[in-house]
Amino acid sequence: QVQLVESGGGLVQSGGFLRLSCAASGLTFSWYAMGWFRQAPGMEREFVATISRDGAATYYSEPVKGRFTISRDNAKNTVDLRMDSLKPEDTAVYYCAARLGVGSSTSTQEYKYWGQGTQVTVSS
């Protein structure tokens with residue numbers, strides 16, 4: 001049974017930082033590209049960042065580019081999202097997701113496995 005478990009969310013002031021982590025089990029982690037998505041209340045789930053299977057390639061959405069950093073550790077089956085210079089508009093539930101394949105994808109439909117999400121709230 002595949003499980004993705006996010007952690008590290010919380011409440012932070014504008015300009016602060018958080019580090020999210022996602023622990024994967026039940027799959028051959030190095031076969032999967034990993035992504036982070038987020039969903040604010042009343043909004044559709046949106047792409048945040050993705051990292052290739054070997055960690056060599058990353059891709060970010062425009063709103064987070066230059067502030068967020070995605071990384072992975074295939075030995076530990078984890079993928080992290082370092083979020084700096086947080087803004088109130090970053091407030092959302094953040095999800096990690098796994099996609100079997102190469103290249104980058106921003107589409108939720110291409111990700112097979114999802115975590116339960118972790119809440120990030122940025123106060124102004």
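Residues numbered from 1 in each chain as written. Predicted model: local features only at pLDDT ≥ 70, side-chain atom pairs only at ≥ 80, totals over all residues. Heavy atoms only, no water.

(A) Representation of the packing of aromatic side chains in the model. If you walk through the whole model with that rule in mind, you get six aromatic pairs. Arranged with centres 5.0 Å apart and planes meeting at 80°, the rings of Phe37 and Tyr111 form a pair that is edge-to-face. Linking Phe37 in strand β4 (residues 32–39) with Tyr111 in the loop between β9 (92–100) and β10 (113–114), this pair joins segments that are 74 residues apart in sequence. Here the two residues Phe37 and Tyr111 agree in accessibility, since each one is buried. Through a chain of ring-to-ring contacts, the aromatic side chains of Phe37, Phe47, Tyr59, Tyr111 and Trp114 assemble into a single cluster. Above the plane of the ring of Tyr95 lies Arg45, whose end atom (NZ or CZ) is 3.7 Å from the centre. (Phe/Tyr/Trp six-rings, centres within 6.5 Å; stacked < 30°, edge-to-face > 60°. Helix = DSSP H or I, 4+ residues; strand = E, 2+ residues; numbered from the N terminus. Buried < 20%, exposed > 50% of the residue type's maximum accessible area, 1.4 Å probe, protein only. Lys NZ or Arg CZ within 6 Å of the ring centre and 35° of its normal.)

(B) Expanded view of the sheet that holds strand β7 (residues 68–73). Taken together, the four strands give an open sheet; going across it, the order is β1-β3-β8-β7, and neighbouring strands pair in antiparallel fashion. Every interior strand has two partners, whereas the edge strands, β1 (3–7) and β7, have only one. The sheet shows a mean angle of 15° between the axes of neighbouring strands, taken without regard to direction. Strand direction decides the pairing type here: β1 and strand β3 (residues 18–25), joined by five bridges, are antiparallel. Note that in β3 the partner of Leu4 across the bridge is Ala24. (Pairing = 2+ DSSP bridges. Axes fitted to C-alpha atoms, helices over the stretch in contact; angles between N-to-C directions.)

(C) Region of the structure containing the pairing of β3. Along β3, the buried face is formed by Leu18, Leu20, Cys22 and Ala24; none of Arg19, Ser21, Ala23 and Ser25, which line the opposite face, is buried. Of the pairings in the sheet, the one linking β3 to strand β8 (residues 78–83) comprises six bridges and is antiparallel in character. Counterpart to Cys22 in the pairing with β8 is Val79.

(D) Summary view of the environment of Lys76. Relative to the helices and strands, Lys76 is located in the loop between β7 and β8. Assessed through its relative accessible area of 61%, Lys76 is described here as exposed. As for Lys76 and Ala23, which are separated by 53 residues in sequence, their C-alpha atoms are 8.0 Å apart.

(E) Region of the structure containing the nonpolar core. Ranked by size, the top nonpolar core spans 28 residues in total, and within it Trp36, Leu81, Met83 and Tyr94 carry the most contacts. Those elements that provide at least two residues to this core are β3, β4, β5 (46–51), β7, β8, β9 and β11 (118–123). Here Tyr94 is in contact with Glu6, Leu20, Trp36, Phe37, Arg38, Val48, Phe68, Leu81, Met83, Gly117, Thr118 and Val120, once residues within four sequence places are set aside. (Core = buried A, V, L, I, M, F, W, Y, C linked by side-chain atoms within 4.5 Å. Contact = heavy atoms within 4.5 Å.)

(F) Main features of the side chain of Arg72. Relative to the helices and strands, Arg72 resides in strand β7. As a buried residue without a salt bridge, Arg72 has its nearest oppositely charged side chain in Asp54, at a separation of 7.1 Å. Within the local environment of Arg72, its side chain forms a polar contact with the backbone oxygen of Phe29, the two atoms lying 3.0 Å apart. Not counting the four nearest positions on each side in its chain, Arg72 is found in contact with Phe29, Ser30, Tyr32, Ala33, Met34, Ile51, Ser52, Arg53, Gly55, Thr78 and Val79. (Lys, Arg positive; Asp, Glu negative; His and termini not counted. Salt bridge = Lys/Arg side-chain N within 4 Å of Asp/Glu carboxyl O. Polar contact = N/O pair within 3.5 Å; in protein donor to acceptor, adjacent residues only side chain to side chain.)

(G) Here's a closer look at the pattern of salt bridges. Under the defined criterion, the tally for this structure stands at six salt bridges. Measuring nitrogen to oxygen at the nearest pair gives 2.9 Å for the salt bridge that ties Asp90 to Arg38. Of this pair, Asp90 sits in the loop between β8 and β9 while Arg38 sits in strand β4, and the two are 52 residues apart along the sequence. Here Asp90 and Arg38 have matching classes, each one buried. Its salt-bridge partner being Lys65, residue Glu62 comes within 2.7 Å of it at the nearest N-O pair. A residue is classified by how much of its surface remains accessible, and Glu62, at 59% relative accessible area, is exposed. Three or more residues are tied together by salt bridges with common partners; here these are Arg38, Glu46, Arg67 and Asp90.

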